[in-house]
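A structural walkthrough
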Amino acid sequence: MIEIMSDHWLTSFEGASVRTLEAGESLFRRNDKVEMAFLVRGGQVLLRRALKDGGLLALHTAKAGDLVAEASLFADHYHCDAVTDRSTKVSGIPKAKILENFGNGSSGKHLSVRALERTTKELQALRTRIEIMRLRKVTDRLDAYLELNGPPEEGGWVHVADWIGVTPAALYRELAKRRRDDQA
């Protein structure tokens, strides 16, 4: 299925102009409006989020033949920055065109688009979770989670512990430490 989808991406971008980005250039920034779909033709595009502590959360690296931030096709605004670390060639087409190519016509969402939408949202969440779990310290994992999701509803901390890959006891120790630090 991935191969079929990849071929479809390429077909959708036939005739699209190619833009060259130099190392350090951004394709888009977090909170920019999603109007275009981008395909990497050569090089790579790094998807990442800046954290409050100045760190960067790496979400994905899109390489040649990859669609950039595919989950954003179903969002109003980008949830991350897309930057290059080397000379990179990308093509862009209007977001509406690629969705139309997947059957998103005036009669409503075609089944393939609904399935793709669900999959891309799951993919976005999974990439975020993986990168949070790569952080070594419980405090860093919790900070990243809270920055992205905010605090859970009452009784939800046990689910946060599972989501960030720590035991409930380790999370509760970190929360107690933060309460003590706030009172000091």
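All values derive from a computational prediction rather than experimental measurement.

The rules behind the values
Residues numbered from 1 in each chain as written. Predicted model: local features only at pLDDT ≥ 70, side-chain atom pairs only at ≥ 80, totals over all residues. Heavy atoms only, no water. Helix = DSSP H or I, 4+ residues; strand = E, 2+ residues; numbered from the N terminus. Buried < 20%, exposed > 50% of the residue type's maximum accessible area, 1.4 Å probe, protein only. Contact = heavy atoms within 4.5 Å. Areas by Shrake-Rupley, 256 points an atom, 1.4 Å probe, with all protein chains shown as cover. Polar contact = N/O pair within 3.5 Å; in protein donor to acceptor, adjacent residues only side chain to side chain. Pairing = 2+ DSSP bridges. Axes fitted to C-alpha atoms, helices over the stretch in contact; angles between N-to-C directions. Salt bridge = Lys/Arg side-chain N within 4 Å of Asp/Glu carboxyl O. Core = buried A, V, L, I, M, F, W, Y, C linked by side-chain atoms within 4.5 Å. Domains from an automatic or database assignment. Arc of directions from axis to C-beta.

Notes on the overall build of the chain
Counting its secondary structure elements, the chain contains six helices and eight strands. Along its sequence from the N terminus, the chain presents helices and strands in the succession α-β-β-β-β-β-β-β-β-α-α-α-α-α. Scored against the burial criterion, the 184 residues of the chain give a buried share of 36%. Within the chain, residue pairs in contact and separated by at least 24 positions form 71% of the contacts whose partners lie at least 6 positions apart. Roughly 10,800 Å² of accessible area belongs to the chain as shown, and the carbon and sulfur atoms make up 51% of that amount.

Regarding the side chain of serine 91
Relative to the helices and strands, serine 91 is located in strand E8 (residues 88-94). A distance of 3.2 Å separates a polar side-chain atom of serine 91 from the backbone oxygen of serine 17. Discounting residues that sit within four places of it in the chain, serine 91 has contacts with Phe13, Ala16, Ser17, Val18, Ala37, Phe38, Leu39 and Arg41.

Some thoughts on the sheet that holds strand E7 (residues 81-84)
Strands pair in a sheet through their backbones, by hydrogen bonds, and they do so in one of two ways: parallel or antiparallel. Read across the open sheet, the four strands follow the order E2-E7-E4-E5; overall the sheet is antiparallel. Of all the strands in the sheet, just strand E2 (26-28) and strand E5 (56-63) have a single pairing partner and so form its edges. The average undirected angle you get between the axes of adjacent strands in this sheet is 30°. Examined bridge by bridge, E2 and E7 share two bridges and lie antiparallel to one another. Across the sheet, residue serine 26 finds its bridge partner in E7, namely valine 83.

Description of the pattern of salt bridges
For the structure on display, the rule yields seven salt bridges. As a salt-bridge pair, glutamate 70 and arginine 127 come within 3.1 Å of each other at their nearest N and O atoms. Here glutamate 70, found in the loop between strand E6 (67-68) and E7, pairs with arginine 127, found in helix H3 (residues 111-134); they are 57 residues apart in sequence, far enough to count as distant. For glutamate 70, a relative accessible area of 10% gives the class buried. Between arginine 86 and aspartate 85 there is a salt bridge, with its nearest N and O atoms 3.1 Å apart. Among the charged side chains, a salt-bridge network with shared partners connects Asp143, Glu174 and Arg178.

Quick notes on the nonpolar core
Ranked by internal contacts, the top residues of the largest apolar core, which has 29 residues, are Leu27, Phe28, Val45, Leu47, Val68, Ile164 and Leu171. For this core, the secondary structure elements donating two or more residues are E2, strand E3 (36-42), strand E4 (44-50), E5, helix H4 (138-149), helix H5 (157-164) and helix H6 (168-183). Composition of this core by domain shows at least three residues from each of domain 1 (5-123) and domain 2 (134-183). Apart from residues no more than four positions distant in its own chain, leucine 27 is found in contact with Arg19, Leu21, Phe38, Val68, Ala82 and Val90. In this structure, Phe13, Leu39, Leu67 and Phe74 belong to the second largest nonpolar core, which totals 13 residues.

What to know about unusual backbone geometry
For residues besides glycine, phi is generally negative; the peptide bonds are generally trans as well. With a phi angle near 80°, asparagine 31 is a residue other than glycine that sits in the positive phi range. Assignment of secondary structure puts asparagine 31 in the loop between E2 and E3. Residue alanine 69 is not a glycine yet carries a positive backbone phi of 50°. Mapping alanine 69 onto the fold places it in the loop between E6 and E7. Given a relative accessible area of 8%, alanine 69 falls into the buried group.

Concerning H5
Note: α-helices contain 3.6 residues per turn, so residues at a spacing of three or four share the same orientation. Three or more residues of H5 are buried, namely Val160, Ala161 and Ile164. All buried residues of H5 fall inside an arc of 100° around its axis, so they share one side. Set apart from the buried face of H5 by more than 90 degrees, the exposed residues are His159 and Asp162. Just past H5, the residue glycine 165 takes up positive phi, approximately 75°.

Honestly, that's just the spatial picture; any functional story needs more than this.
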